[in-house]
Every structure is written in structure tokens, then in C-alpha cells.
There are 2 protein chains.
Amino acid sequence: MKAEIISVGTELLLGDIVNTNSQYIAKELASIGIEVYHQSTVGDNVERLFECFKESIERSDVVITTGGLGPTTDDLTKEVAAKYFGQELELHEPSWEYIKSLIERRGRKAAPNNKKQAYFPESALVLKNNNGTAPGAVLRKDDKAIIVLPGPPREMVAMFNESVMPYLKQFTDDKLISKTLRLYGIGESDLELEIIDIINGQNNPTVALYAKEMEVTIRITAKAKDEEEAERLIKPVEDKIKDRVEKFVYTNDDNYSGESKNVLEEVAAKLLVDKNLKIAVAESCTGGMVSSALIDYPGISSVFVEGCVTYSNEAKIKRLGVKEETLNKFGAVSEETAIEMAEGVSRGFNTDIGISTTGIAGPDGGSTDKPVGLVYTAVHIKGETKVFKNIYNGDRQKIRARATRDILNNLRIELLKLS
Amino acid sequence: MKAEIISVGTELLLGDIVNTNSQYIAKELASIGIEVYHQSTVGDNVERLFECFKESIERSDVVITTGGLGPTTDDLTKEVAAKYFGQELELHEPSWEYIKSLIERRGRKAAPNNKKQAYFPESALVLKNNNGTAPGAVLRKDDKAIIVLPGPPREMVAMFNESVMPYLKQFTDDKLISKTLRLYGIGESDLELEIIDIINGQNNPTVALYAKEMEVTIRITAKAKDEEEAERLIKPVEDKIKDRVEKFVYTNDDNYSGESKNVLEEVAAKLLVDKNLKIAVAESCTGGMVSSALIDYPGISSVFVEGCVTYSNEAKIKRLGVKEETLNKFGAVSEETAIEMAEGVSRGFNTDIGISTTGIAGPDGGSTDKPVGLVYTAVHIKGETKVFKNIYNGDRQKIRARATRDILNNLRIELLKLS
């Protein structure tokens, strides 16, 4: 079954509001295996809306619209949909009674234009709106349907869940079930080269790559009757992928919500807590970002001992015990300083682990030897210290953010080696 | 001039991400008087994309696409656009050099598929990407144009501002010149109520409100022949608005780029530097975010002495000199603790200013007396200490981010009082 989504509203065309309705509907449809190949946005205009219905209905089985069900004359989605199907609008008494009662409850009288919201083709399935005056409807002709829904997200989402999903589910047998692998340390294009044959090699499950800030997500999606069948389809593909790129996979746990931006940080923090290893953090260029990323994990208090933002040389010496000689000889941005910072913070706070960052975040302060973007990070763990050198692209904030992700990834890797 | 926006990407069709690009572009186009009657979203599919170009180009003068410029084989927006215009793709050497240099700086080698991103029709105007590897382009044929832009919002927005707006502006006669007021501490709807008559009262200049995280921006835009005429039109409206809400305006300096998320933080940091007042930071629930926000300002090193992430009671006592008695009697999340933290960190590091945060970021740890979201912040400045209590909505990260913005706003206000 194929669907299209049409969002109706001048405020969308003018960019006054972000279209969250389309995303919501698209995601829900995907979850029950209904394919969406097109989404459109169009204004409250009879000709353009009619044209839009024409294109969409020709390409799909069902068209879902949001917006344009209000009481004013420029709300005309339902009217144009009925016109497209060649159906007359008639007063739907139960809706009119409901609208009147809603308005009267607010202590007002229904205005004549409110009645407009209660008109539907006789053959339509009217959908009750429990959150506003505009009912929705399923308009049908032959084997095609137009489902008109109100525009305000709160009304739309409730109506979609209460009425549209149950209606659509009768037409779908299969479920779409996904498994997500999250990778760090490999770019999207390199990853594709590694597994292009797997990506192209099948269509159930499908394999798709999504690039995010410094990480890539692989989503394996199976169309199946149930979870069990999906798992059976997904497992061999997942294993094949892991055979090639497992070292970059930092989690395949689907309990991490797709929306969380900081799963890598969460994984590192969780490892610390699970292993019950105390940590102290010494930051120069990242200036608090590393501590902040760890503290975003709710359980961290049992292991996070202290963070130091030692931006100045003086603070590095006084707080962390970095040697003045080291700073003079190698500079604040150096392997040697990073090591002394990590070791010093761990020693000073008597922790199992000390981690540090020092670098040139720019925009000034770079040189040929030490360009903007150069960052040293160190992980001191149970008596051993590893130091990492990196040169990051981007502006000041980006460089700092990238260094932060990187050191937490390095910490994660070192923690895994312990087991 | 008429434009259409096409968003390309399977992740949009699946509802994995919200389409913020369309909104951004629509809003910017509206601001220079370019009309948008349609927006569409389509997947990475040659036939459907081709069809979409056909429909859009027939209806408009310029089509702007986002997405599908990546290095992988399913990125094909540019390829289909060129095909639609009947143009061959050729290697654009400067782009290829740039892409290679970017990748090499990261210490990696460009993969063969990266080269794909440097291919363009010879007649195209290539748009440099200062934030990623995918260049954009303006493809032209007869009097029509297709402008292809990268999908990641950060890359798209920068390229749009740097290259697309100047390009499109040549086709519009009048200039649109804006003045921006940034407000903190008042919500969008309250602000609208305050100045609704001003918003509705004229159309040149126009007045528009934009709500962001905890702040509102007022943009006053005049259509004028030159800067001088624009200024003459804008000034009286700006003054009228300021008469009513000046106390919430934290800057009207247009030198702060519209994109920077952290203008408030920058304003506070700049004030510190301008006044040459040394600061130390003590953070509990914000866990490094406040230090990090200050350090994001490049000139901060002259005044930022040290930051302490004292998440545990022990650290608060040892590092900041908070009294054990205070913690026992009032708790770590209390006015008294916040005050002792701010005073202690200032005393300990011998600074003019000490600021502190302590709160319950959740999800656990709340009680009836001290609910999740309760945060105390204190600003100790030249011998005096002010303490602020707030209860924030949102998840753990939101609460921490809100407390961070708030304390930096309070710091800003206290700094202004000094002059």
C-alpha cells in the first residue's frame, strides 16, 4: 500500500512553522509497512490543491492531508477533496451537534461559519476530533481514499492514533521492524565501500546508512509478520555487517532512542558506572564539555569525582601538578602536557581514571606547527596513560565538540579492553 | 519570482527526521519577496526525483533542493538535476582539491566515491561548502535554475546565507534590510500581546517574531532602496518596541550572526572581557556547561581563571570550602549551598566574580519540596552575592541547558549594573 502526505497551509509555505505533522505521519505509516514516496506542502488555494490531489492520487492508494479544516473561508481542503472525487457535501448532524456543544461549553454561541466544519460527503467516514472543533474524514472513491485531518499537531496526532491507524491497519499485514547499529570512527563513504554489496544484495531486510555528527548509523529493516520472523531475517545480515566493521560499532542496543544525540557519551558513561571506576576530568580547550557530557548520564554521580576546567597555564600547574618545565619546553598544547594533566587529575583526586584535553580551538592561536584544530587528549587508566593526537576541522565550537566525542570514544575503547 | 523547495531523502519519507530545511529556506525566500507555492519531499530515487523536477520547474523560476549530495551511490540529486537539464557532469578541480584537503586534514585518504561530490555541469555555478565536503551548485538552463544544497542543516544554512541569498538578491529590486532585537526572559506569546498593534500596524517595515530556546528574536525588516532609507523606516518602529519591552532586550547588535545559537552567552562573555573582571565557575548539576559556554568565546582566556565541576558533596567541601554543616542542614540543592559555592570558588581562585549552580536535573532525585528541575544559581560579584531560584521544565539535558542560559543572563545583568 502506498500513501502520500499533503500538508496544507500558507504558514508552512512562508516558513512560519516547521512541519512536524508530516514527520509524525510518515513515521507511523512506516511502522505499519505503508510506503510513502512523496510529501507535499501547498497553500490554501483551490486550483493548486486540486492539482496536488490529482498528482498524488494517481501515484498512490491513500492521500493523507493535514490542515485547512477550519471554519474560515480560506480553509478548503475538505471541499477540494470532495470536488476532486465529484461528491457533494451534506450536513453531518452528529458533528454539528458536537461542534455546537463544544463552543457552548466555552460560553459562546456557534457562529454561522462553524457549521461549515460539519459538512461531509454522505459516503465519508467522519472522524471525531476529541481536541477541537474540526472533525476529520476518510473520503473514498473506487479503491482510493483521501483522509483529511486537522492541522494543529495536538488534534492531528490524537485523531491519527485514535482513528486513522486502526483504519489503515486493516489494509496491512506486515510489520516493519528495525535494528540499529551505531558506529564511530568510520565515515559514511568508507562504510558504504565496506558493505556496499550487503546494502545492494537484498531488499528484505533493507540496509540504510545515516550520517550524523562524527558517527554513522546502519539501520536494518525487515518486513515481517511478527518480531520473530523479523529477527530471523535481520540476524544474518547484521552478523555479516559486523564481520566487516565490528570494531567501529559502539552499540547495537535498540533501547537507545533514535532521537538522543549523545548515545556514544551515554555508552561511555554507562561503562564507567557498570565497572564502578572513579573518574576525574581535566579540560583545557573543551572547557567543561567532557564533564558535561558524562554528567548528562543520570547514574554518573557514583563514579564522577571531579572536573577541572584548567584553561590557563597557572591552573594547569596549581590544580593538576603539570610541571612548569613541561609547559615551557613543549607548550600547553602537547602530548606531554596532556599526559601530565590526565595523570595529575587522577592522582590529585585519587581516582582510577583521569582524562584530559588540551588543544587549539581557534579562531586565533594557530601556527604552522600547531594549527587551529590540533587537540591532544589523554586517558590515564589504572596506571597506564594513552595519548591521542587529532586535527579537527570546523569552527571553535565544532572543534571542541569533536574533541569531546573523540576522547569519550577513546575512554570507551580503553574501558572495554579492561574486561 | 517563484520558487519551489524539494527536500530529498529517504529519512524524511520515513519520518526519521523533521524537515527544518524547508522551513528555513521558505522563511528566507519570503523575506526577499520570492514566492513559494509548493514544497515537496521525495526519496533518493531517479525516476521520482526526475518527475518531481519536471513538475516543479514547470511551475516556477527556481527550484531549490536539499539533500542527496553525499558521496554514496544513493545520493543523486545533482545527477538527476543535470540529467533533467540535459547537461553532462565534469570534474570541478577546485572542489576536488578542497574535498581532498578536508579529508587529508583528518588524517585519512579520500575514498574513490568522494570524487563524485566534485562533479558538476560545466555551466554550473559551484557553491563552496565551508562546513563539509559536499559543494552545492546553481544549475541553469534558459531562464530556469535548480539550486542543489547539502542536507545537513548546518551546512545548508551556512551555504544558503553565504551564497544563495546573494545570488537570488540580484533578481529582486528592492533591498530587504533587517534589524534584530534579541530578548531573554519573555515568552513569544506574551511578547506578541505587548506589541501586537505594532506588528499589525504596518507592512514596511514588517515585524516578525521568532521563538528559540528560552529567547525570542524580533526581526524588523524594511524594503528600501538603500541602507539609509531602511534605517529611516526601521528606527521609529524599533524605538516604539523598545519603549515597551526594552528590559528584555539583551542585544540589538546585528554583528551577532543570526545562526549562532549562543549569542546571549557571547554577550555575557564579552562583557567580562571588556570589563576585565576575572571569573571562576563552580558547577554541580550543569556539570561543565557554564564553563563551556564561556570558553566558547575566543577572547575569554584573559579573564577565565578556572572552572570546577563539583558534582559530589565531598568535592564541594574540599574544593570550594562549602561547609559540611550547610550541606547537612540545607542540602546540596539549596540557596545556602549555591551562595557558599559561588563565594568559595571566587575566594579560592582569587577572582572578582564567582558563579555557581546546584540543582536536581533528574530524572530521579526529586521530592515534593525539591522537585526535579529545581536549580539554585548564585553570582558573587565584587563582594556581593545574589542567589536565584528556578524550577525548569524538560528532561535532564534541557534542565541543565536552561539553568546554564539563565545564570549567564543573570551574570550579564549584574555586570551591566556595575557600569
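Structural data are supplied above this passage.
Below, the structure is looked at part by part. In this text the structure is predicted, and so the values were computed from the model without any measurement.

Right, let's talk about the overall build of chain A for a bit. In terms of regular secondary structure, chain A is built from 14 helices and 17 strands. Scaling as 2.2 N^0.38, a compact globule of 419 residues should have a C-alpha radius of gyration of about 22 Å, whereas chain A reaches 29 Å, well beyond that. Along the first, second and third principal axes, the C-alpha atoms of chain A reach 90 × 50 × 40 Å. Considering only contacts in chain A between residues 6 or more positions apart, those separated by 24 or more positions represent 67%. Approximately 17900 Å² of chain A is accessible, and the part contributed by carbon and sulfur atoms is 47%. Averaging the positions of the 54 positive and the 65 negative side-chain charges in chain A gives two centres separated by 3 Å.

For the rest of this paragraph, the subject is the pairing of strand 17 (residues 384-391) of chain A. Residue and element names in this part refer to chain A. Looking at chain direction, strand 16 (residues 374-381) and strand 17 are connected through eight bridges and run antiparallel. In the strand pairing of strand 17, Leu-374 is matched with Ile-391. In sequence, strand 16 turns back onto strand 17 through a hairpin of two residues, with Lys-382 there showing a positive phi of about 50 degrees.

In this structure the tally under the stated criterion is three cavities of 30 Å³ or more. Estimated volume of the largest cavity: approximately 130 Å³. In terms of lining residues, the largest cavity is bounded by 15 residues, among which Asn-19, Ser-22 and Gln-39 of chain A together with Asn-19 and Thr-41 of chain B are the most central. If you list the elements that add at least two residues to the lining of the largest cavity, you get helix 2 (20-31) and strand 2 (35-42) of chain A together with strand 2 (35-42) of chain B. Residue classes in the lining of the largest cavity are distributed as three nonpolar, twelve polar and no charged. By volume, the second largest cavity amounts to about 70 Å³. In terms of lining, the second largest cavity is formed by His-38, Ser-40, Cys-52, Glu-55 and Arg-59 of chain A together with His-38, Gln-39, Ser-40, Cys-52, Glu-55 and Arg-59 of chain B.

This brings us to the interface of chain A and chain B. Opposite the 71 residues of chain A that make contact, chain B presents 69 residues. Here chain A meets chain B over a buried area of about 5700 Å², counting both sides, of which 47% is carbon and sulfur. When the shortest N-O distance is used, the salt bridge between Arg-108 of chain B and Asp-190 of chain A registers 3.5 Å. Inspection of the region where chain A meets chain B yields 31 residue pairs in polar contact (both at pLDDT 80 or more). Among the residues making up the side of chain A that touches chain B, the classes are represented as 30 nonpolar, 25 polar and 16 charged. With three bridges connecting them, strand 14 (residues 304-309) of chain A and strand 14 (residues 304-309) of chain B associate as antiparallel partners. Note that in strand 14 of chain B the partner of Cys-308 of chain A across the bridge is Cys-308 of chain B.

Within a sheet, adjacent strands bond to each other through the backbone by hydrogen bonds, running parallel or antiparallel. The ten strands are arranged 17(A)-16(A)-15(A)-13(A)-14(A)-14(B)-13(B)-15(B)-16(B)-17(B) in an open sheet whose pairing can be described as mixed. Two strands close off the open sheet at either side, each with one partner strand: strand 17 of chain A together with strand 17 (384-391) of chain B. Sheet twist, expressed as the average angle between the axes of neighbouring strands with direction ignored, equals 10 degrees. Those strands touched by helix 11 (residues 313-320) of chain A are strand 13 (279-283), strand 14 and strand 15 (353-359) of chain A together with strand 14 of chain B, and its axis lies near 40 degrees from that of strand 14 of chain B.

This part covers helix 4 (residues 77-85) of chain B. Think of an α-helix as turning once every 3.6 residues; residues three or four places apart then point the same way. What helix 4 of chain B keeps buried is the set Thr-77, Lys-78, Val-80, Ala-81, Ala-82 and Phe-85 of chain B. Taken from the residues just after helix 4 of chain B, Gly-86 of chain B is the one with a positive phi, measuring 65 degrees.

On the basis of which strands lie adjacent, the open sheet formed by twelve strands has the order 6(A)-7(A)-8(A)-3(A)-1(A)-2(A)-2(B)-1(B)-3(B)-8(B)-7(B)-6(B) and mixed pairing. Looking at the sheet topology across the chains shown, the edges are occupied by strand 6 (125-127) of chain A together with strand 6 (125-127) of chain B. Averaged over all pairs of adjacent strands, the angle between their axes in this sheet comes to 15 degrees, without regard to strand direction. Sheet analysis places strand 1 (residues 2-8) of chain B next to strand 3 (residues 62-66) of chain B, joined by five bridges and oriented parallel. Counterpart to Ile-6 of chain B in the pairing with strand 3 of chain B is Thr-65 of chain B. Sitting on the sheet, helix 4 of chain B touches strand 1, strand 3, strand 7 (136-141) and strand 8 (144-149) of chain B, and the angle it makes with strand 8 of chain B is about 170 degrees.

About the criteria used
Residues numbered from 1 in each chain as written. Chains lettered and ligands numbered in written order. Predicted model: local features only at pLDDT ≥ 70, side-chain atom pairs only at ≥ 80, totals over all residues. Heavy atoms only, no water. Helix = DSSP H or I, 4+ residues; strand = E, 2+ residues; numbered from the N terminus. Rg over C-alpha atoms; globule rule 2.2 N^0.38 Å. Contact = heavy atoms within 4.5 Å. Areas by Shrake-Rupley, 256 points an atom, 1.4 Å probe, with all protein chains shown as cover. Lys, Arg positive; Asp, Glu negative; His and termini not counted. Charge placed at Lys NZ, Arg CZ, Asp CG, Glu CD. Pairing = 2+ DSSP bridges. 1 Å grid on protein atoms, 1.4 Å probe; cavity = no way out; pocket = protein on both sides within 12 Å on 5 of 7 lines; lining within 4 Å. Points joined across faces, edges and corners; volume = space filled by probe spheres on them. Nonpolar A, V, L, I, M, F, W, Y, C, P; charged D, E, K, R; others polar. Buried area = accessible area lost by both parts, 1.4 Å probe. Salt bridge = Lys/Arg side-chain N within 4 Å of Asp/Glu carboxyl O. Polar contact = N/O pair within 3.5 Å; in protein donor to acceptor, adjacent residues only side chain to side chain. Axes fitted to C-alpha atoms, helices over the stretch in contact; angles between N-to-C directions. Buried < 20%, exposed > 50% of the residue type's maximum accessible area, 1.4 Å probe, protein only.

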